[in-house]
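Residues per chain, in single letters:
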Amino acid sequence: MSVLLEILQEMHDDVDFETHTTLIDDNVIDSFDIITLIAEVDDRIGVTIPADELIPENFNSYTAINALIKRLEDEE
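## A short note on the pattern of salt bridges
One pass over the full model with this rule turns up six salt bridges. For Arg44, the salt bridge is made with Glu10, and the minimal N-O distance between the two is 2.8 Å. Note that Arg44 is positioned in helix H2 (residues 31-45) and Glu10 in helix H1 (residues 3-11), a separation of 34 residues in sequence. Classification of Arg44 by relative accessible area gives partly exposed; the value is 34%. Here Glu75 makes a salt bridge to Arg71, at a shortest N to O gap of 3.5 Å.

Basis of the calculations
Residues numbered from 1 in each chain as written. Predicted model: local features only at pLDDT ≥ 70, side-chain atom pairs only at ≥ 80, totals over all residues. Heavy atoms only, no water. Salt bridge = Lys/Arg side-chain N within 4 Å of Asp/Glu carboxyl O. Helix = DSSP H or I, 4+ residues; strand = E, 2+ residues; numbered from the N terminus. Buried < 20%, exposed > 50% of the residue type's maximum accessible area, 1.4 Å probe, protein only.

All we've got here are geometric facts, nothing functional implied.
Laid out in structure tokens, this is it:
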């Protein structure tokens with residue numbers, strides 16, 4: 001299991017993050033969850049997510065969040 005998936009599962013263990021594609025649209029994760037996620041990604045993966053990347057499209061699915069992290073890693 002990826003570290004990102006572990007973080008998401010720790011936040012909401014009742015959600016299948018690998019298949020759910022409308023996390024923001026369906027209010028599965030909220031602004032508090034996003035703040036928690038950003039902090040955990042920074043602490044555990046070492047990637048800082050800047051404020052200008054805090055758009056719903058980047059957090060609507062596990063795939064989108066993972067792509068954001070990969071893109072930011074590549075930019076470093």
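Next comes the rest of the description.
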